[in-house]
Structure formats: structure tokens, C-alpha cells
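Structural features, examined
Letter by letter, the chains look like this.
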Amino acid sequence: MKHDKYKKESIIETTLFGQPLDLGDARITYDSLSPLDLRQSVDVLVDDLGEDLLQITCANGDIVDVGWYPAWNEQGRLRVVAVRGQDWEAPVFSARPEKDPQALLAALRAALASLA
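Residues numbered from 1 in each chain as written. Predicted model: local features only at pLDDT ≥ 70, side-chain atom pairs only at ≥ 80, totals over all residues. Heavy atoms only, no water.

**Examining unusual backbone geometry**
- Residue Tyr69 is joined to Pro70 through a cis peptide bond whose omega torsion reads -10 degrees.
- We note that Trp72 has phi near 55 degrees; this positive angle belongs to a residue other than glycine.
- Its location among the elements puts Trp72 in the loop between strand S5 (63-69) and strand S6 (77-83).
- Positioned with a positive phi, Gln86 is a non-glycine residue whose angle comes to about 60 degrees.
- Within the secondary structure, Gln86 is located in the loop between S6 and strand S7 (93-95). (Helix = DSSP H or I, 4+ residues; strand = E, 2+ residues; numbered from the N terminus.)

Now the structure itself:
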């Protein structure tokens, strides 16, 4: 008798900006990003653009983090990093995508893939 059908599915799919984001075994542990409309201009959003926008934590403790640097600054940029073993000084992935939902989603997918 096969037991495959009894295995629990560990793939989590969520949506961000209306697009699917396959999280694998990870979970969103902090999110102040998804309520934002990134199509709005920075001057409208600047008060909501801090260093802590989104954090995704993998089952093994690895982290994908999204922030705006410098925080609350119209000259800032998004930053997406993937961190293994809490080594924030040497991320395994780092990107500075445009303030655009599609660019950010692409960076998030690449960050998650870098930890797989």
C-alpha cells in the first residue's frame, strides 16, 4: 500500500500584490508591505517605508527580508536580502528592485530560490 497520499503537503502558496508567491516551507512572519500600493509615488508612501516591511522565515530559520533604505527617506530604495544562519553581515542574496510590484516579486522569488 502506498502512503504517498498520506504525506502532508508542505508547499504554501500565498499572494502578494495579487500575484502568487510560492513560499515552500516558509511562512510570512511580518508584513507591513502588502497593504501598500507600490504604484503610488514615493512621496505619498514615504511615511510607511521603513526598514521592516516584510519578513519570510523558512522552516530551518533562514530569512528573506524586505526593507526600505534609508528608512522613511524619499531617496531610499527597496532592499531584499536572504540570510542564512542569522548572518546578516553576509546575506546569500541581495537585490535592490525598483519600487514596482513585479520587480519586487521577482526579487522575492530569487531570494527564496537562493535559500532552497
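**Observations regarding the side chain of Asp65**
- If you trace the backbone, Asp65 turns up in strand S5.
- Arg79 provides the closest opposite charge to the buried, unpaired Asp65, separated from it by 5.4 Å.
- A polar contact of 3.2 Å, which involves the side chain of Asp65, links it to the side chain of Gln55.
- The contacts of Asp65, once residues within four sequence positions are left out, are Glu51, Leu54, Gln55, Arg79, Val80, Val81 and Trp88. (Buried < 20%, exposed > 50% of the residue type's maximum accessible area, 1.4 Å probe, protein only. Lys, Arg positive; Asp, Glu negative; His and termini not counted. Salt bridge = Lys/Arg side-chain N within 4 Å of Asp/Glu carboxyl O. Polar contact = N/O pair within 3.5 Å; in protein donor to acceptor, adjacent residues only side chain to side chain. Contact = heavy atoms within 4.5 Å.)

**Overview of the packing of aromatic side chains**
- Following the criterion strictly, the structure yields zero aromatic pairs and no others.
- Against the face of Tyr69 rests Arg79, its NZ or CZ located 4.0 Å from the ring centre. (Phe/Tyr/Trp six-rings, centres within 6.5 Å; stacked < 30°, edge-to-face > 60°. Lys NZ or Arg CZ within 6 Å of the ring centre and 35° of its normal.)

**Thoughts on the sheet that holds S7**
- The antiparallel open sheet is built from five strands, whose spatial order is S3-S4-S5-S6-S7. Strands with a single pairing partner mark the edges of an open sheet, and in this sheet they are strand S3 (27-31) and S7. Neighbour-to-neighbour, the strand axes of this sheet turn through a mean angle of 15 degrees, independent of strand direction.
- Taken strand by strand, helix H2 (residues 101-115) contacts strand S4 (54-57), S5, S6 and S7, and its axis lies near 15 degrees from that of S6. (Pairing = 2+ DSSP bridges. Axes fitted to C-alpha atoms, helices over the stretch in contact; angles between N-to-C directions.)

Everything listed is a geometric property; what it means functionally is a separate question.
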